[in-house]
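Structural features, examined
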Amino acid sequence: MDGLLFYATTAALMVMMINSGLAAVGRGSVRGRPVPWVAVGLTALALAGVVLQLCWPEAMAALDHDPAKTGWWRVFTSVFMQNGGASGAVWNIATLAVVAALAQWFWGGRLTAVLFLAGVVLPEHLDALLGLGGPSTDPRDFAGSSGATYFLGASLALALLTRTRIRKEQVLAAGVPVLGLVMWFLQENGHGLVAVYGFALAILVWAARRWVRSAARRSSRPTA
């Protein structure tokens, strides 16, 4: 039962983030939007990682993020390895494609890439800074794109929260970090914690963008 609840809450959090993204960019505008090439590239890398695993039995050992092994590249290459079986790989790649596309349509390609990279690099350092435990010793945590995807997906919730005045949508968006915290405290579900990190970073990004735009408007005003 605990395992089923774990997967149910993890899936529910993703559904909330995707719905937040759809509301933020406009559900009716999705078909007319340009091809999100950053999302296509990230998805292609994830697919290439699965193909590599199928063709090279030692791929996981060579590229995962096992803390007992050396190699600076592991934190990056492990993201494009999948260790949840066929169903887990399909879920991870499909959600990566959808979340990255929605993020690119809202944040733009460059910022989406930066946020995804932050989702790869930051969580373990934030865990250490906040005293939330050392490196995981569970092999299931040594690879997979889900962490970075949930980190990026949480930025969609913040995107919606900054745009909507509809109470239902505000509750949906605010519910993402709340559910994330609940998942972490009650289940020690890392997907929830990285979603909180992603939401927090998105607040900083949104505030910085707003400040830059405000400064640009002020500087463009004619002086007396």
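Higher on the page you've got the structure.
Summarised in this report is the structure supplied together with it. (Residues numbered from 1 in each chain as written. Predicted model: local features only at pLDDT ≥ 70, side-chain atom pairs only at ≥ 80, totals over all residues. Heavy atoms only, no water.)

**A look at the overall build of the protein**
The helix and strand tally for the protein stands at nine helices and zero strands. Overall, the protein shows an N-to-C arrangement of helices and strands of α-α-α-α-α-α-α-α-α. At 18 Å, the protein has a C-alpha radius of gyration in line with the 17 Å of a compact globule built from 224 residues. With the C-alpha coordinates of the protein rotated into their principal frame, the extents come out at 70 × 40 × 35 Å. Pairs at least 24 apart in sequence give 77% of the contacts found in the protein among residues at least 6 apart. Carbon and sulfur atoms make up 68% of the accessible area of the protein, which totals about 12500 Å². Of the side-chain charges in the protein, 17 are positive and 10 negative, and the distance between the mean point of each set is 26 Å. (Helix = DSSP H or I, 4+ residues; strand = E, 2+ residues; numbered from the N terminus. Rg over C-alpha atoms; globule rule 2.2 N^0.38 Å. Contact = heavy atoms within 4.5 Å. Areas by Shrake-Rupley, 256 points an atom, 1.4 Å probe, with all protein chains shown as cover. Lys, Arg positive; Asp, Glu negative; His and termini not counted. Charge placed at Lys NZ, Arg CZ, Asp CG, Glu CD.)

**Quick look at the nonpolar core**
Ranked by internal contacts, the top residues of the largest apolar core, which has 45 residues, are Leu13, Met17, Trp107, Phe116, Leu152 and Val176. Counting residues per element, the ones that place at least two in this core are helix 1 (2-25), helix 2 (37-55), helix 5 (85-107), helix 6 (109-130), helix 7 (146-163), helix 8 (167-187) and helix 9 (190-220). Ranked by residue count, the leading element in this core is helix 5, at ten residues. Not counting residues up to four positions away in its chain, the partners in contact with Met17 are Tyr150, Gly153, Ala154, Leu156 and Val176. (Core = buried A, V, L, I, M, F, W, Y, C linked by side-chain atoms within 4.5 Å. Buried < 20%, exposed > 50% of the residue type's maximum accessible area, 1.4 Å probe, protein only.)

**Notes on the packing of aromatic side chains**
Each pair of aromatic rings is reported with the distance of its centres and the angle of its planes. Under the defined criterion, the tally for this structure stands at five aromatic pairs. When the centroid spacing of 6.5 Å and the interplanar angle of 70° are considered together, the rings of Trp72 and Phe76 count as edge-to-face. For Trp72, a relative accessible area of 68% corresponds to the exposed category. Ring-pair connections join several aromatic residues into one group, and the members of that group are Trp72, Trp73 and Phe76. (Phe/Tyr/Trp six-rings, centres within 6.5 Å; stacked < 30°, edge-to-face > 60°.)

**Looking at a nonpolar patch on the surface**
Residues Val178, Leu181, Val182, Phe185 and Leu186 make up a contiguous nonpolar surface patch of roughly 520 Å² in combined accessible area. Among the structural elements, Val182 can be located in helix 8. (Patch = residues over 30% accessible without salt bridge, like charges linked within 9 Å, V, L, I, M, F, W, Y side chains within 5 Å. Salt bridge = Lys/Arg side-chain N within 4 Å of Asp/Glu carboxyl O.)

**As for the side chain of Arg74**
When you line up the elements, Arg74 lands in helix 4 (residues 74-77). Using a relative accessible area of 8% as the deciding quantity, one classes Arg74 as buried. A polar atom in the side chain of Arg74 sits 3.2 Å from the backbone oxygen of Ala61. Sequence-distant contacts of Arg74, that is, excluding residues within four places in its chain, are made with Ala61, Ala62, Leu63, Asp64, His65 and Lys69. (Polar contact = N/O pair within 3.5 Å; in protein donor to acceptor, adjacent residues only side chain to side chain.)

**As for the pattern of salt bridges**
Across all of its chains, the model carries two salt bridges by this definition. Linking Lys69 and Asp64 is a salt bridge whose minimum nitrogen-to-oxygen distance equals 3.6 Å. Assessed through its relative accessible area of 32%, Lys69 is described here as partly exposed. The class for Asp64 is buried, based on a relative accessible area of 5%. Here Arg74 makes a salt bridge to Asp64, at a shortest N to O gap of 3.2 Å.

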